[in-house]
Structure formats: C-alpha cells, structure tokens
Amino acid sequence: MAAATFTRRTVLAGLGASLVPRGTTAQAEDVRWSTGSEKPRFVAPAGATDCHFHTYDKSYPVMKGATLLPEDALPDDYRALQRRIGTTRGVIIQPSTYGTDNRLQIASRQALGAENFRAIAVVAEDVSDAELRRLDEQGVRGVRFNLGFPGVLTVESLKPLAPRLADLGWHCQINMRPKQIEDHADLLASLPGRLVFDHLAQVPQPAGVESAPYKIIRGLLDRGKTWVKLSGPYVSSKQGMPDYADAGAVAAAYVKAAPERMVWGSDWPHPSERDRKPDDARLFDLFAQCAGSDLAFKRILVDNPAELYGFPKVTP
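Residues numbered from 1 in each chain as written. Predicted model: local features only at pLDDT ≥ 70, side-chain atom pairs only at ≥ 80, totals over all residues. Heavy atoms only, no water.

### Quick look at the pairing of strand 3 (residues 117-121)
Remember that side chains alternate between the two faces of the sheet whenever the strand is regular. Quick note on the threshold: Each residue gets one of three labels from its accessible area relative to the maximum for its type: buried under 20%, exposed over 50%, partly exposed in between, using a 1.4 Å probe on protein chains only. Numbering of helices and strands starts at the N terminus; helices are DSSP runs of H or I of at least 4 residues and strands are runs of E of at least 2. Should DSSP find at least two bridges between two strands, the strands are regarded as paired. The definition of a right-handed crossover adopted here requires that, viewed with the strands pointing away, the path from the first strand over the helix to the second runs clockwise.
With five of five residues buried, strand 3 lies mostly within the body of the structure. Judged by which residues are buried, strand 3 turns out to be covered on both faces: F117, A119 and A121 on one side and R118 and I120 on the other are all buried. Pairing of strand 2 (residues 89-93) with strand 3, which is carried by four bridges, proceeds in the parallel orientation. In the strand pairing of strand 3, I93 is matched with I120. Here two bridges tie strand 3 to strand 4 (residues 140-146), and the two strands are oriented parallel to one another. Within strand 4, the position partnered with A119 by the bridge is V140. Handedness of the crossover joining strand 3 and strand 4 through helix 4 (residues 129-137) is recorded here as right-handed.

### Topic: the environment of D30
Put simply, the test is: Here, residues are in contact when the closest pair of their heavy atoms is within 4.5 Å.
Among the secondary structure elements, D30 is positioned in the loop between helix 1 (8-14) and strand 1 (49-53). You can call D30 exposed: its relative accessible area is 63%. Along the chain, D30 and R41 lie 11 residues apart, while their C-alpha atoms are 16 Å from each other. Leave out the neighbours within four places in its chain, and D30 touches G36, S37 and A80.

### Comments concerning the environment of D57
Structurally, the position occupied by D57 is in the loop between strand 1 and helix 2 (75-85). Its relative accessible area of 17% is what places D57 among the buried residues. Separated by 13 residues in sequence, D57 and P70 place their C-alpha atoms 8.7 Å apart. Beyond its immediate sequence surroundings of up to four residues, D57 is in contact with D72, L74, Y98 and L104.

Printed below as a string of structure tokens:
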C-alpha cells in the first residue's frame, strides 16, 4: 500500500527508529497461507495488534450456501504469522463460511490466549439479549455485517441491531460493496454507536479518493464515530502486487484524515486470494509507509485497538 503522498526517503526518515534491515534479527520463517519468509523491515511496537484475521477448521460445519471454503488455517498456523510480523495481540473475525456458528473463532481465541485476543461475531437479527451477554463474556466486541457475501444479516439488519450493540459498547463491523455504500449512505449516517469498515471500505479504483464511496466514508469519519481497517488492499486495488499503490493512496488519505480511528489487519489467511497469497511482511511494511511517522504507526497498531476492543493500555 505504498502511499502516493510519501516518498520512500521521507517514510524511511520518519520511521527511522522502527526500521531494521531484513535478516538481522530472528531467523526467517515460512507461514502457511503467506508468500515469503523474511520478517518486515519495520519493527512492531510492544502491544501491536492485528485487528483482522480468521481461522478455518474443516471439523466445524459450514453454513449452507457459503462461497468461501478455505483449507484449514489453525491457531498454531497463526502463531507463526505473529512470530514473523511481531504482533502480540489480535482480533479474530467470524468469516462468512460459518454463518452464526461462532464456536471456532471463540475456541481459537482461547487457544491463542484470551487476554490478548478479542473476537467479532455474526449473530441472527433476532439474537437474544442473553446470547449477546454470553458472547460478551467470551471476548466478543462487535458484530460483522458481511454484506458482500451470502449470509444471515442484511443491510436492513443494521436498523434493529445497531442500537442494541451500541448499548453493549460493541460496534457494527461492516463489509460492503462500493455501490452498497452509495445506496445506503443515509442509513449509515443515522446509525448509533461505532461503525468499523473492513478493507479500506472497498473504495473503488481507479477513482480512489475521488469516488463517491470514499467521500461518503470520509464524511462518516469526520463525524467522529466511524473507524476504518487498513487491511486487504488487494480487495479493491487495480494496480495489484507487489505494492497496491492505488489502495495505498486511499490508506494514506484515511490516515491523514483520522489517524486516531484507524486500525490495521493482516486479513490472514487471505481467503479471497485463492490463486496467490500475498507476502504478509511486505503488506506490513507497506502499511508502515502509509502511516508516515512513528507516532501514527504506534497509534494505529497499539493505542487505537486498545480503545476499540478494550485491551489493557500498554505501559511505556
């Protein structure tokens, strides 16, 4: 996600304290569902949080009609990614594959360490208060509205659920196609509580920051209750590997507009990228370039996730 507004020299100067040459620290390590084995150049600070990843396990039943059916991606596989990237905290996201059966992601949170992990669930529109309380006790901090894939929730489900989630201190995590954002801009602006948009809000290319969906999301950001995940640049990029420069320009614009409401996610095991998995170390470095400064880099990786997901503050 190389940002158009930053030259490489500017970025490296601004993040000099976090930069180390590849291969001078720990040994390289292969990670399942990730290309490459070298570590990132940019060093993750203490408490760095990956706010978007999934686990998959064929021993769990899939939802009827599910279209994403990846191979197993287990907690131990994810631990290898943590060792490679340097994150110590994470947020496990319920994928469309399992519908409202959140057992795998909750079990994965326990396997990885409940203190350092949170979860985002999918629930039925008429979910009971008792079930929401139970999920809250299991570390769930929001509900995902994955509206670009077949699922149990629709755009209309936001109306009854958003107030209930806000009362819990949870948020609505939204994955919408660009046209859906345009069609439902008024509804999004009317919802109570926090909104968190996946994957740069899928801002379409090549229009990028000049597109209507970007301007809608910027308007929501300016109102102070909306967050964006700097994740999945391949979802919207037309320029593609290795730098996803068009998506990077969008990421950099978001950071400039509201660095206090940005979070980063790996999107491992990259379920939408079936033919060729990205290099997670390179994705991490490209995100660091978009951050543009040590202050924003740490804020996005550590401080913002602590606020959004309720992690303990990291003491200097």
